[in-house]
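Here are the chains, one letter per residue:
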Amino acid sequence: RCAGRVEVLHDHQWGTICDDDWDLKDAKVVCRQLGCGTAVSVLGQAHFGQGSDPIWLDDVECTGTETSFSQCRLQNWKVHNCNHEEDAGVVCSGAYVLVCMYVYRAVCEYRCVCMCTGVCVSTAPIRLVNGSTSCSGRVEVFHEHWWGTICDDGWDLTDAQVVCRQLGCG
């Protein structure tokens, strides 16, 4: 399942969201944007572990119909009355495709820190560009604030299938 602590990228740094007023409407938007299906449940009290980066947001308010988390009503960045014991989490109906230490997702601004055999791993944003459809094109990965290509040495059908599944392309 796609589940974990929700983090957001702001000012080139990842940070957590406080669980105050965190509800299923907020989780719906996160799951939708990450391509992880629908929201199954929301979890607070750092259920997926405490973050170590800044707490960026508190009292998030989504209607549940937004296509992007940035469309939700967000309070001032880094203004909160929380600690990391209150980091927000979600459980979505879909699944991340895990390739051992790599977790790919289609959106670069938000991440769901997932568990892979009990170990937290970081996400590597991925996208397809210059294709004739949203499910075709050159594979690019976001790393250190830049999009870049992947060398095709050793690239095979198995790698392509992982990308396609992660991007919801079958």
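This structure is a prediction, so every number in the text was calculated from the model and none was measured.

Colleague: Can you walk me through the state of the cysteines in this structure?
Modeller: Each disulfide consists of one covalent bond between the sulfur atoms belonging to two cysteines. Evaluated as defined, the whole model comprises three disulfides. Here Cys-31 pairs with Cys-92 through a disulfide, and the sulfurs are 1.9 Å apart. Between Cys-31 and Cys-92 the disulfide shows an S-S torsion of about -80°. By sign, it is left-handed. With Cys-31 in helix H1 (residues 24-34) and Cys-92 in strand S5 (residues 89-92), the pair connects residues that are 61 residues apart, well separated along the chain. Accessibility classification places Cys-31 together with Cys-92 in one group, the buried group. Two residues, Cys-62 and Cys-72, share a disulfide whose sulfurs are 2.0 Å apart. Classification of the bridge connecting Cys-62 and Cys-72 rests on its S-S torsion, roughly 105°, and on that basis the disulfide is right-handed. One end of the pair, Cys-62, is in the loop between strand S4 (55-57) and S5; the other, Cys-72, is in the loop between S4 and S5, with 10 residues separating them in the sequence. You'll find Cys-62 and Cys-72 in the same group, each marked buried.

Colleague: Would you mind going over the pattern of salt bridges with me for this structure?
Modeller: Where side chains of opposite charge bring their charged atoms close, a pairing between them can arise. Within this structure, the stated rule accounts for three salt bridges. Among the ionic pairs, Glu-7 bridges to Arg-5, the shortest N-O distance being 2.8 Å. With respect to burial, Glu-7 and Arg-5 carry one shared label: buried. Among the ionic pairs, Arg-138 bridges to Glu-140, the shortest N-O distance being 2.7 Å. Under the relative-accessibility criterion, Arg-138 is labelled partly exposed at 38%.

Colleague: Is there a simple way to explain the pairing of strand S1 (residues 3-10) in this structure?
Modeller: Within a regular beta strand, the side chains point alternately toward one face of the sheet and then the other, so they alternate between its two faces. Counting buried residues along S1, seven of its eight residues qualify, which places the element largely inside the surrounding structure. Across three bridges, the pairing between S1 and S5 is antiparallel. Residue pairing in the sheet places Gly-4 in a bridge with Val-90 of S5. Where S1 folds back on strand S2 (residues 13-17), the antiparallel hairpin that results is connected by two residues, among which Asp-11 adopts a positive phi of roughly 50°.

Colleague: Explain unusual backbone geometry to me, please; I cannot follow it from the model alone.
Modeller: Among all residues except glycine, the phi angle is most often negative; among peptide bonds, the trans geometry is most common. The phi dihedral of Asp-21 is positive, around 60°, even though this residue is not glycine. Looking at the element boundaries, Asp-21 is found in the loop between S2 and H1. Of the residues examined, Asp-21 reaches a relative accessible area of 52% and is grouped as exposed. Of note, Gln-45 is a non-glycine position whose phi angle comes to about 50°, a positive value. Within the secondary structure layout, Gln-45 lies in the loop between strand S3 (39-43) and S4.

What counts and what doesn't
- Residues numbered from 1 in each chain as written.
- Predicted model: local features only at pLDDT ≥ 70, side-chain atom pairs only at ≥ 80, totals over all residues.
- Heavy atoms only, no water.
- Disulfide = S-S within 2.5 Å.
- Helix = DSSP H or I, 4+ residues; strand = E, 2+ residues; numbered from the N terminus.
- Buried < 20%, exposed > 50% of the residue type's maximum accessible area, 1.4 Å probe, protein only.
- Salt bridge = Lys/Arg side-chain N within 4 Å of Asp/Glu carboxyl O.
- Pairing = 2+ DSSP bridges.

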